[in-house]
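Residue strings, one per chain:
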Amino acid sequence: RHTRWVRDWSSDVCSSDLYGIKGKRLVSYYQPREEEKIPLLLNLLKEGKTVALVSDAGTPLLSDPGYKLVKRAVEEGFEVEVLPGPTALVTALVGSALPTDRFLFLGFPPKRGLKEFFEPYRGLEVTFILYESPHRLLKTLEAIKEIFNNPPTVVAKELTKLHEEYIRGESTQEVIDYLKRNPDRVRGEFVILFRPQGEVGEEILDLKGEVAKLKEQGLSAKEIYKTLKERGFKVDRREVYRIYGEL
């Protein structure tokens, strides 16, 4: 009388063996074939059977298929029970040391059009959370730096696993610099979190031009950084020193 709908067949079989769950029908359920599987689910429920949607990791529906299935089941009048499970976005948020009062989960950003994707969220005073793959991580961080004016940023990787790590920076640039110096860290599964400060839409400082101007006045890199901070600009110390050295 029980059927489990699974996202990853091999993982669920291993879990079933581990917990001694035997004799249950397994049906694969993944995004490209989500629509065609839903009628089968509804028929099973109409026959009085119990169906469970199982994810191999994380929580179903959160950057995983399942929303359409739950929606249709509710529309047909079936009860949906939820067992809370781990999810990377909440784990990362709690461990990030960023504000947790308001947050917005954006899932995986698109492969193209990052500026258009992020643009509607400019000006929101929330902690943003998104997932990203290793080969797109730096590109997405660069977009966040540009669009949100280099906000405090955290990259969490391999959460709850052996190589779990939080990479925290007072700015996005600090995180980018760290990852570029340590390319071996750009592996695994990533959660990006950032919290814009102040008005993101304000005119962005011409940092290179300002550093050049102050250097001509005889100021050291340290003095330039201090001066810009006193003027209320949100600048990254390492970036100021880098520009100073190149001039």
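We now turn to the structure provided with this report. (Residues numbered from 1 in each chain as written. Predicted model: local features only at pLDDT ≥ 70, side-chain atom pairs only at ≥ 80, totals over all residues. Heavy atoms only, no water.)

Examining unusual backbone geometry
Put simply, the test is: Exposure is judged per residue with a 1.4 Å probe applied to protein chains only, and the accessible area is read against the type maximum: over 50% gives exposed, under 20% gives buried, and values in between give partly exposed. A run of H or I in DSSP counts as a helix once it spans at least four residues, and a run of E counts as a strand once it spans at least two, with each numbered from the N terminus.
At Ala97, a position not held by glycine, the phi torsion is positive, near 70°. With relative accessibility at 69%, the residue Ala97 sits in the exposed group. In this model, Asn149 sits at a positive phi of 60°, which is unusual for a non-glycine residue. With respect to the element layout, Asn149 can be found in the loop between α6 (137–147) and β6 (153–157). Judged by its relative accessible area of 17%, Asn149 is buried.

A look at the packing of aromatic side chains
Rules: Any pair of Phe, Tyr and Trp rings, taking the six-membered ring for Trp, is counted once the centres come within 6.5 Å. Such a pair is stacked with planes under 30 degrees apart, edge-to-face with planes over 60 apart, and tilted for the rest. Distance and angle both matter: a charge sits over a ring if NZ of Lys or CZ of Arg is within 6 Å of the ring centre and within 35 degrees of the ring normal.
Scanning the model with the defined rule gives ten aromatic pairs in all. Note on Phe118 and Phe194: the rings are 6.4 Å apart at their centroids and 85° apart in plane angle, and the pair reads as edge-to-face. With Phe118 in helix α5 (residues 114–118) and Phe194 in strand β8 (residues 190–194), this residue pair connects regions lying 76 residues apart in the sequence. Phe118 sits in the buried class, given a relative accessible area of 0%. A network of ring pairs unites the aromatic residues Phe117, Phe118, Tyr121, Phe128, Phe148 and Phe194 as a single cluster. Residue placement shows Lys215 over the ring face of Tyr244; its charged tip is 4.4 Å from the ring centre.

Quick notes on a nonpolar patch on the surface
The criterion, for reference: Like charges within 9 Å and nonpolar side chains (Val, Leu, Ile, Met, Phe, Trp, Tyr) within 5 Å are joined into patches, using only residues over 30% in relative accessible area that form no salt bridge. For every accessible area listed, the method is Shrake-Rupley and the probe measures 1.4 Å; residues are considered covered only by the protein chains on display. In the sections that follow, a salt bridge refers to a side-chain nitrogen of Lys or Arg positioned within 4 Å of a carboxyl oxygen of Asp or Glu.
On the surface, a cluster of nonpolar side chains totalling about 270 Å² of accessible area is made up of Val74, Val80 and Val82. As for its position among the elements, Val74 is in helix α3 (residues 67–75). Looking at Val74, the relative accessible area reads 47%, which means it is partly exposed.

Structural notes on the nonpolar core
To be explicit about the condition: Buried residues of nine kinds, namely Ala, Val, Leu, Ile, Met, Phe, Trp, Tyr and Cys, make up a nonpolar core once their side-chain atoms join them within 4.5 Å. Should any heavy atoms of two residues lie within 4.5 Å, those residues are counted as being in contact.
In this structure, Phe118, Leu141 and Ile192 are the most contacted members of the largest nonpolar core, which totals 22 residues. Mapped onto this core, the elements with two or more residues apiece are α5, β5 (127–132), α6, α7 (172–181) and β8. It is α6 that provides the largest number of residues to this core, a total of five residues. When neighbours within four sequence positions are excluded, Leu141 is seen to be in contact with Thr153, Val155, Thr172, Val175, Ile176, Leu179 and Ile192. Judged by nonpolar contacts, the second largest core, of eleven residues, contains Leu89, Leu93, Leu159 and Leu193.

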